[in-house]
Amino acid sequence: MRALRLAACTLLALLTLLPRPAAAAPEGQMTWAVHISLAPTWFDPAETLGIITPFMVMYAMHDAMAKAMPGNPTAPSLAESWKVSPDGRVYDFTLRKGVKFHNGDTLTSEDVKFSFDRYKGASAKQIKDRVAAVETPDPLRVRFRLKSPWPDFMTFYTAASGAGWIVPKKYVEKVGDEGFKKAPIGAGPYRFVSFTPGVELVLEAFDQYWRKTPSVKRLVLKAIPDEATRLAALKRGEADVAYLIGGELALELQRSPGLTLKPVFPSQHWLVFADQWDPGSPWHDRRVRLAANHAVDRQAINQAVTLGFSKITGSIIPTSFDFYWQPPLYSYDPGKTRQLLAEAGYPKGFDAGDFWCDAGACVYAEPILNDLQAVGIKTRLRPLERAGFLRAYQDKKLKNIIHGLSGIFGNAATRIEPFVISGGAYAYGGYPDIDGLFKEQAGELDPKKRERLLHRIQQLIHDKAMVLPIWQLALLQGVGPRVAESGLGLIADYPWSAPYEDLKLKTK
């Protein structure tokens, strides 16, 4: 027996000395029919908005200290580990050794500090106001010192913002912010090749990516705003994945040989009553906001547009988020709507002005508009291309009704902050009782006490009828016959294909 064991150990030792087979070189091209026009601002993590759309590009070109990955909402990435001091004021990160940017520069703690300092996107003020200092003790260690304990630091830094997505300091300083958007360099699995505005973004596999070498050599994201044209491209084999196919076209996709319908549940949708803080606006009256909520037949729209896959939750917060509170659902009751409008002084309805939406959301906004029109709330749909819509929304330039949405990761607090709290990135006003409770929960380290405070905030949002919640949208995506792994649904509550390095084409 000893001789057998010795022989086995000798064989094992010899095998470990043999060179490992090299990873297969990336091959082929995967093409997406994307429902929006991509914007260069999404190439720079420093400008990340409070929505999930920019991550469609960021998961390919860039990498984060930690990020949502399959099976782990906060997976170690550029930071291989971190620890928190007992008083909750100090976060020490250890960086992964040998990580390379696409230009060959080695990623260090200076890049992490630089990326944080230049970050100006969603929740930038809230994060930076709470950080006393960012220290770089050595090239592989970064230390964040907070002014006071903040239980949501990791959630904001790694999930609900782009502050933890890292860019190369030397390169950005050399080319400037605008130069960076024209030729971005990151540490992600794919490097930038070319961008034709309104047409396509082309990316190529980065074979030095730390996690693994991607299987697919080239990714092409084609902007095809028209839904029928996206489906046609999928059918003809001009696209391998088509985003956002709904209604009758989704049924057609389901019935098409070789094509697969894939529902994912990434984002909450709601209507914002932007003028509710203006005493001269009908929306200032809670009864009018409540009337609008009872005017919308959410389930009928769900069946017509997303084949019944979307989830009617009654909230702007996904059911999977920590500290979620389930509000009562609004019934579809046009009679109650008319009664409330009459009580508020609008027995014949009123002109509600413009109804603003992202052009890609028209398919959801139009049936809601029709339901409002049916009870006398007259409004006009005003779609804008996504980048322009988000900028106007964030700059507080829109009025009347806004179709709000968000699919960014986080918890109930990180969702409430930009959309509900006074001064939030997309908040057109606020209420002192909600603001006070939010400030109280932000410093509360006891999870049970935080939960009670955040539940109370959500209850007040419902009681005040601050918004018209629609649903947790089921995005119906189409996948073509060449695809072995589309990446759709691998990361929970994430709408797009990812992680990109896990994508695979079928072998011939």
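What you see is a predicted model; the values in this text were computed from it and never measured. Numbers given to residues run from 1 along each chain, matching the order in which its sequence is written. Totals for whole chains, interfaces and linings use all residues, but because this is a predicted model, local features are given only for residues with pLDDT of at least 70 and pairs of side-chain atoms are given and counted only at 80 or more. As a convention, hydrogens and water are excluded, and side-chain values are obtained from all of the structure's heavy atoms.

Here Asp240 lies in the loop between helix 7 (227-236) and strand 13 (241-242). Per-residue accessibility, obtained with a 1.4 Å probe over protein chains only, is compared with the maximum for each type, and a residue is labelled buried under 20%, exposed over 50%, and partly exposed between these values. Classification of Asp240 as buried rests on a relative accessible area of 4%. Whenever two N or O atoms come within 3.5 Å, that pair is a polar contact, provided that in protein one can donate a hydrogen and the other can accept it, and provided that, for residues adjacent in sequence, both atoms are side-chain atoms. Engagement of the side chain of Asp240 in a polar contact is seen with the side chain of Arg482, the distance being 2.6 Å. We call two residues in contact whenever any of their non-hydrogen atoms come within 4.5 Å of each other. Other than its neighbours up to four places away in sequence, Asp240 contacts Gln29, Met30, Thr31, Leu234, Gly478, Val479, Gly480, Arg482 and Val483. Comment: elements are numbered from the N terminus, with helices defined as DSSP H or I runs of at least four residues and strands as E runs of at least two.

What makes two strands pair is DSSP finding at least two bridges between them. With antiparallel pairing, 4 strands are arranged side by side in an open sheet as 5-6-8-7. Strands with a single pairing partner mark the edges of an open sheet, and in this sheet they are strand 5 (79-84) and strand 7 (131-138). Across the sheet, the mean angle separating the axes of adjacent strands is 20° when strand polarity is ignored. The angle between two axes is taken between their N-to-C directions and runs from 0 to 180 degrees, where each axis is a line fitted to C-alpha atoms and a helix contributes only its stretch in contact. In this fold helix 3 (residues 109-118) packs onto strand 6 (90-95), strand 7 and strand 8 (141-146), with an angle of close to 165° to the strand it touches most, strand 7.

Both site types are read off a 1 Å grid over the protein atoms alone. A 1.4 Å probe that fits but cannot get out defines a cavity, while an open set with protein on both sides within 12 Å along at least five of seven lines defines a pocket; lining residues have an atom within 4 Å of a point. Grid points are joined across faces, edges and corners, and a volume is the space filled by probe spheres set on the points. Summed over the entire model, instances satisfying the criterion amount to 6 cavities of 30 Å³ or more. Estimates place the volume of the largest cavity at around 160 Å³. Lining of the largest cavity is provided by 20 residues; of these, Ser267, His269, Arg386, Leu405 and Trp496 occupy positions nearest its centre. Those elements that place two or more of their residues in the lining of the largest cavity are strand 14 (260-273), strand 17 (401-406) and strand 18 (467-479). Top contributing element to the lining of the largest cavity by residue count: strand 14, with 3 residues.

Detail in the predicted coordinates should be disregarded across regions flagged by low pLDDT. In this model, the protein carries a mean pLDDT of 93, and residues with pLDDT of at least 70 account for 95%. A residue's pLDDT is the confidence the predictor assigns to it, expressed on a 0 to 100 scale. Note on residues 1-21: pLDDT is under 50 here. Beyond four places in sequence and across chains, it has 0 contacts.

Packing of helix 10 (residues 298-306) against helix 12 (residues 362-374) leaves a shortest axis separation of 10 Å and a crossing angle of 145°. Taken as a pair, helix 10 and helix 12 cross one another with a handedness that is right-handed. On helix 12, the residues touching Ile301, Val305 and Thr306 of helix 10 are Val363, Tyr364, Pro367, Ile368 and Asp371. Only Asp, Glu, Lys and Arg are considered charged in this grouping, and only Ala, Val, Leu, Ile, Met, Phe, Trp, Tyr, Cys and Pro are considered nonpolar; every other residue, Gly among them, is considered polar. Its residues assigned to classes, the contact of helix 10 with helix 12 comprises 6 nonpolar, 1 polar and 1 charged. The crossing is said to be left-handed when, going from far helix to near helix, the turn is anticlockwise and less than a right angle, and right-handed when the turn is clockwise.

Bringing unusual backbone geometry into the picture now. A cis amide bond links Ala498 to the next residue, Pro499, at an omega of -5°. Relative to the helices and strands, Pro499 resides in the loop between strand 19 (483-485) and strand 20 (504-505). One non-glycine residue, Lys396, adopts positive backbone phi at about 60°. In this structure, Ala465 is a non-glycine residue whose phi angle is positive, near 50°. You can see Ala465 is positioned in the loop between helix 16 (447-463) and strand 18.

This part is about helix 13 (residues 386-394). Listed in full, the buried residues belonging to helix 13 are Arg386, Phe389, Leu390, Ala392, Tyr393 and Gln394. Where the residues of helix 13 are buried, they touch strand 14, strand 15 (350-358), strand 16 (377-384), strand 17 and helix 14 (412-420). One or two steps after helix 13, the chain reaches Lys396, where phi turns positive at roughly 60°.

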